[in-house]
Amino acid sequence: MIILSVFVFIFGVCIGSFLNCLIYRMEQNKKATGRSFCPHCKHILSWQDLFPVFSFLLLQGKCRYCQKKISWQYPIVEISTGVLFIFIFLSFGFVSDFGFRASDFIKLCFMLYIASVLIIIFVYDLKHYLIPEKVLFPAIFIYLAYRLSEIFTSNFASFGSYILAAAIASGFFWVIWFFSRGKWMGFGDVELAILMGLLLGLANVLAALFLAFFFGAIISLILLGFYGKNLKSEVPFGPFLITGAFVALMWGQQIIQWYVQLFKI
Ligand SMILES: [Zn+2]
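Residues numbered from 1 in each chain as written. Predicted model: local features only at pLDDT ≥ 70, side-chain atom pairs only at ≥ 80, totals over all residues. Heavy atoms only, no water.

Turning our eyes to something else, we now look at the state of the cysteines. Taken as a whole, this structure holds zero disulfides when the rule is applied. Free cysteine cysteine 21: the closest other cysteine sulfur is in cysteine 14, separated by 13 Å. The exposure class assigned to cysteine 21 is partly exposed, which follows from its relative accessible area of 22%. Looking at the unpaired cysteine 109, the closest cysteine sulfur is the one in cysteine 14, lying at 16 Å. Since its relative accessible area comes to 37%, cysteine 109 is described here as partly exposed. (Disulfide = S-S within 2.5 Å. Buried < 20%, exposed > 50% of the residue type's maximum accessible area, 1.4 Å probe, protein only.)

In structure tokens, the structure reads:
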């Protein structure tokens, strides 16, 4: 299990490196083809420069050719993707007593795909206050198709509950977006909530929204403490939503149970 986890981590780090590349190409509005190069001096990177994390450490965060600093975004995204992949693998990709079933593997692949999409959106929204629809829309359609295909193995009610979750979550943000005229919430958050509903289902999406507002409040207070009133009024909400989604995905049941218990006595 440990060896397998190490493999999953390395795989995740490589995917993270690819996600960084995709984010950069999206920022430059380029197609994801051609060889990697330094964004400052445009020097094409050699194979020694392309090892995720290791190259960054070896080069001490500087470009080999122009000595310009390489953004921390690269190793952070790589390591985060690796860690996230391990979490997902351990919670969903389970090698059960019955061996590894094909349906489990498909589910795992979908989870890893959605995780990658959410990581891209997280970084992009954080940097540019924009949720890239180019990445989000295909994910919504692919996940919708996946949930539809599940009708054959489970029942129609479970599909309905995911649709309901998507409708409620995005409807909630739509109301905020509409009445604040886009000031408190961007329309991208309304669209992102659709994917969250499809991914999490009703109970977990509510937990995710609760967590997102909770994290948002904490970070806002910290920023307010540091920067006082000079704080830029717009903090992107997407990263909070995505963090909430990941936490709810892993520990949603426990959080809901804990929350229910609070009100029991
Ligand atoms: Zn360079």
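Moving on from the coordinates now.
Along its sequence, the protein is organised into domain 1 (1–92) and domain 2 (132–265). Each of domain 1 and domain 2 has a C-alpha centre, and these two points are 27 Å apart. Across the boundary between the two partners, domain 1 contributes seven residues, which contact seven residues of domain 2. With both sides pooled, the region where domain 1 packs onto domain 2 buries about 550 Å², and carbon together with sulfur makes up 86% of that total. Inspection of the domain 1/domain 2 interface yields zero salt bridges. Taken together, the links from domain 1 to domain 2 amount to zero residue pairs in polar contact (both at pLDDT 80 or more). Here the element with the most residues in the side of domain 1 that touches domain 2 is helix 3 (residues 73–92); it accounts for five residues. (Domains from an automatic or database assignment. Contact = heavy atoms within 4.5 Å. Buried area = accessible area lost by both parts, 1.4 Å probe. Salt bridge = Lys/Arg side-chain N within 4 Å of Asp/Glu carboxyl O. Polar contact = N/O pair within 3.5 Å; in protein donor to acceptor, adjacent residues only side chain to side chain. Helix = DSSP H or I, 4+ residues; strand = E, 2+ residues; numbered from the N terminus.)

On to the coordination of the zinc ion, then. In this structure, Cys38 (SG), Cys41 (SG), Cys63 (SG) and Cys66 (SG) serve as the protein donors to the zinc ion, at separations of 2.3 Å. Angles of 105 to 119° at the metal separate the four donor atoms of the zinc ion, which places the site in the tetrahedral class. Spacing between the donor residues of the zinc ion along their common chain follows C-x2-C-x21-C-x2-C. Note that cysteine 41 is positioned in the loop between helix 1 (2–28) and helix 2 (54–58) and cysteine 66 in the loop between helix 2 and helix 3, a separation of 25 residues in sequence. (Donors = N, O, S within 2.8 Å, 3.2 Å for Na, K, Ca; no water. Tetrahedral: all angles 85-135°; square planar, octahedral: opposite > 155°, others 65-115°.)

What follows is about the packing of aromatic side chains. This structure, assessed with the given rule, holds 21 aromatic pairs. Arranged with centres 5.4 Å apart and planes meeting at 65°, the rings of phenylalanine 172 and phenylalanine 173 form a pair that is edge-to-face. Taken together, Phe172, Phe173, Phe213, Phe237 and Phe240 form an aromatic cluster joined through their ring pairs. Lying over the aromatic face of tyrosine 162, arginine 147 brings its terminal NZ or CZ to 3.7 Å of the ring centre. (Phe/Tyr/Trp six-rings, centres within 6.5 Å; stacked < 30°, edge-to-face > 60°. Lys NZ or Arg CZ within 6 Å of the ring centre and 35° of its normal.)

Scanning the model with the defined rule gives three salt bridges in all. Salt-bridge contacts for lysine 127 lead to glutamate 27; the nearest nitrogen and oxygen are separated by 2.8 Å. With a gap of 100 residues between them, lysine 127 in helix 4 (residues 102–128) and glutamate 27 in helix 1 connect regions that are remote in the sequence. A salt bridge links arginine 147 to glutamate 150; the nearest nitrogen and oxygen atoms lie 2.9 Å apart.

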